[in-house]
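# Fold and geometry: a report
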Number of protein chains: 2
Amino acid sequence: MIETPYLLFLGDAPDGLAAKVAQGIKDWRPENCVGQFRLDGCKADLGLQDMTLAEAKAAGAKTLVIGVANRGGVISQTWKKVLVEALEEGFDLASGLHNLLRNEEDLAAVAKATGQTLHDVRIPSVQYPIANGEKRTGKRLLAVGTDCSVGKMYTALAMDACMREKGMKSTFRATGQTGILITGDGVPLDAVIADFMAGSIEYLTPDNDADHWDIIEGQGSLFHVSYSGVTLALIHGGQPDALVLCHEPTRTHMRGLPGYKLPTLEAVRDTALAMAKVGNPDCKVIGVSINTQHMGDEEAKAYCAEVEESLGLPCVDPFRHGAERLVEALAVV
Amino acid sequence: MIETPYLLFLGDAPDGLAAKVAQGIKDWRPENCVGQFRLDGCKADLGLQDMTLAEAKAAGAKTLVIGVANRGGVISQTWKKVLVEALEEGFDLASGLHNLLRNEEDLAAVAKATGQTLHDVRIPSVQYPIANGEKRTGKRLLAVGTDCSVGKMYTALAMDACMREKGMKSTFRATGQTGILITGDGVPLDAVIADFMAGSIEYLTPDNDADHWDIIEGQGSLFHVSYSGVTLALIHGGQPDALVLCHEPTRTHMRGLPGYKLPTLEAVRDTALAMAKVGNPDCKVIGVSINTQHMGDEEAKAYCAEVEESLGLPCVDPFRHGAERLVEALAVV
């Protein structure tokens, strides 16, 4: 387990989206965040207090969490300076980056010398089985999206929070580094070996009480050519009883793929449902979650109403309007 | 790249099926095989000359390829003796076994001392990129199946051989350990980290001459819940211009999944094509390959005719009838 509370490292994030890991932790476990650490040129801001390492230490922070993504990149020397100093100041480090803290010789050496811990949450700590496709007890919901980074994790976390508030049995199941950093548990699916992807999701969502819901964080999109295989493994390993569709309406192309347009919600509904029915013929699409962060209040309301009308499914932005109506829609399953 | 030509190690294979990797190499790249090496009690015979290590060395063999499955997942002491001697004689070793040569302390030590190479083709030797989805020059065909082990590799190898015989520019692109041992190169896709699956296939099938075809070996099935994610990564990373459907008509359930029926060829056609069009809107399904090994001649002929009629696509068993008609069908792409 990662020691809390955290100081959130935003580095030199080029925009807010690049710091979505830190944003997720701040939104869902604000009590775990004492402040943020930003480098010159950082374009992200969580609205937390900017702190030096010494200030954060004095405020009780135990772990410096790298809350910013670097797409297939390297840990720059600018970052290194802060990370090494943090270890020297007595912080543990936690990261979901592809390139591991433990593989950086300087960080590994300083961590060893100082007795601090390097948490690479992206690395599976379990040898997962190959999926067997057998029916499991309990119920499962999976968030599927038109694109990457459209709000699948938020939707799942919001539904889980709402369900537990209503006294329902629910567990948020993390499948990515942010979710794992938030909950301290989960499957780092994008780092799992191909043959074991679906099996890792079966492992994550085992037999449970008949009235218990696993609310599974989605990844990627069936229509995102870089990551679609991961999404299909989630659909087949998760064996969902219910799907919630996730979309961000102002996106002009698939994330990271300038030549690719977003699919329609109808296309995602039909394709994801057809694939889900291979593993669970009773699966249903129960609602739509819209990420309206780039829309005004009226625009957001009108857009959701329009989608609700055309798809015949409850449609909300759970961040703006609450997840209540999506949770109520589970009654049909 | 594995150095050719090979001496094929059949060990103490209990039957011909146990040596199917060696059989595949001999069938598809006979020019790479100088002979076979068999232990006492070996029940497999490729019809190649039996050779000692010294004889094979004299005949020019560079690599001893383990072409047989091991019993109980253990590299026995009987095998070890030959493998160690081979290293001492100046052979490299190549293997697709689950348990890696490099993890055997004696083999690793002798390889190091002799300067010979241990090729574990199950393990990626390259750090693959994340897929970028960019259009590449040249043409690509991908074999997609109703199930695992229905003849996708065979179909791709047969088409590649037929195309080269006709003077077309073609390269078989291996995505599994047998294919890699046959050609000496490829991507062991089921061992690739999830995020890099599609990227590994982009890497495998780079820009090429406009009239060159990559004939990509398929894996799994979109309808096999254990491995479907691997299949979708092939479809999106491969960016195929053409798909060939593969099927084994006597299969009663999905391989390894007793509760799962096989999809129809129509379902595979529609789903695979819809997914392929995300990456390449011009993709076409060009034909159907039936594995008729469990059917009589008349039955096989009638079945293929029936599929050809109902799907409106050329349909053959390339092993029985040749791959000519599938290759001719590429003209429409």
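Worth saying up front: this structure is predicted, and the values here are computed from it rather than measured.

## Some points on the overall build of chain A
The helix and strand inventory of chain A stands at 12 helices and 11 strands. For 333 residues, the compact-globule estimate of 2.2 N^0.38 gives 20 Å, and chain A sits close to it at 20 Å. For chain A, with 333 residues in total, the buried portion stands at 59%. Considering only intrachain contacts with a sequence separation of at least 6, the fraction spanning at least 24 residues in chain A is 76%. Summed over all atoms, the accessible surface of chain A reaches about 13,200 Å², with 50% contributed by carbon and sulfur. Once the 31 positive and 44 negative side-chain charges of chain A are each reduced to a mean point, those two points are 2 Å apart.

## Quick look at the UniProt feature "domain: D-glutamate N-acetyltransferase-like C-terminal" (unreviewed entry) in chain A
Here, UniProt's "domain: D-glutamate N-acetyltransferase-like C-terminal" (unreviewed entry) annotation points to residues 130–327 of chain A. Secondary structure content for residues 130–327 of chain A is 39% helix and 16% strand, while the C-alpha to C-alpha distance between its ends is 31 Å.

## Some thoughts on the packing of helix α9 (residues 265–279) of chain B against helix α10 (residues 297–311) of chain B
Residues and elements named next belong to chain B. Interhelical geometry of α9 versus α10 gives an angle of 45 degrees and a closest axis separation of 11 Å. When the axes of α9 and α10 are compared, the pair comes out oblique. Along this stretch, α9 crosses α10, giving a crossing that reads as right-handed. Of the residues in α10, those touching α9 at L265, E266 and R269 are V307, S310 and L311.

## A look at the interface of chain B and chain A
Taken residue by residue, the interface counts 33 residues in chain B and 35 residues in chain A. Three residues, D195, V225 and Y260 of chain B, lead the burial of chain B against chain A; their summed loss comes to 19% of the area buried on that side. Between the two partners, chain B and chain A, sit 11 residue pairs in polar contact (both at pLDDT 80 or more). Mapped by element, the contributors of at least two residues to the side of chain B that touches chain A are α7 (197–204), α8 (228–238) and α9 of chain B. With 6 residues, α8 of chain B is the single largest residue contributor to the side of chain B that touches chain A. By residue class, the composition of the side of chain B that touches chain A is 21 nonpolar, 10 polar and 2 charged.

## Describing the sheet that holds strand β5 (residues 118–120) of chain A
Residues and elements named next belong to chain A. Read from one edge to the other, the open sheet built from 5 strands follows the order β2-β1-β3-β4-β5, with strand pairing classed as parallel. Each of the sheet's edge strands pairs with one partner strand only, and the pair in question is β2 (33–38) and β5. Ignoring which end each strand starts from, the neighbouring axes of this sheet average 20 degrees apart. Across 4 bridges, strand β1 (residues 6–11) lies against strand β3 (residues 63–66) in parallel orientation. Opposite L8, over in β3, you have V65 as the bridge partner. Along the sheet, helix α1 (residues 20–28) contacts β1, β2 and β3; its crossing angle with β1, the most-contacted strand, is approximately 150 degrees.

Parameters at a glance
- Residues numbered from 1 in each chain as written.
- Chains lettered and ligands numbered in written order.
- Predicted model: local features only at pLDDT ≥ 70, side-chain atom pairs only at ≥ 80, totals over all residues.
- Heavy atoms only, no water.
- Helix = DSSP H or I, 4+ residues; strand = E, 2+ residues; numbered from the N terminus.
- Rg over C-alpha atoms; globule rule 2.2 N^0.38 Å.
- Buried < 20%, exposed > 50% of the residue type's maximum accessible area, 1.4 Å probe, protein only.
- Contact = heavy atoms within 4.5 Å.
- Areas by Shrake-Rupley, 256 points an atom, 1.4 Å probe, with all protein chains shown as cover.
- Lys, Arg positive; Asp, Glu negative; His and termini not counted.
- Charge placed at Lys NZ, Arg CZ, Asp CG, Glu CD.
- UniProt positions renumbered as here; feature names shortened; annotations may be inferred.
- Axes fitted to C-alpha atoms, helices over the stretch in contact; angles between N-to-C directions.
- Parallel < 35°, antiparallel > 145°, perpendicular 65-115°, else oblique.
- Left-handed = near helix turned anticlockwise from the far one by under 90°.
- Buried area = accessible area lost by both parts, 1.4 Å probe.
- Polar contact = N/O pair within 3.5 Å; in protein donor to acceptor, adjacent residues only side chain to side chain.
- Nonpolar A, V, L, I, M, F, W, Y, C, P; charged D, E, K, R; others polar.
- Pairing = 2+ DSSP bridges.

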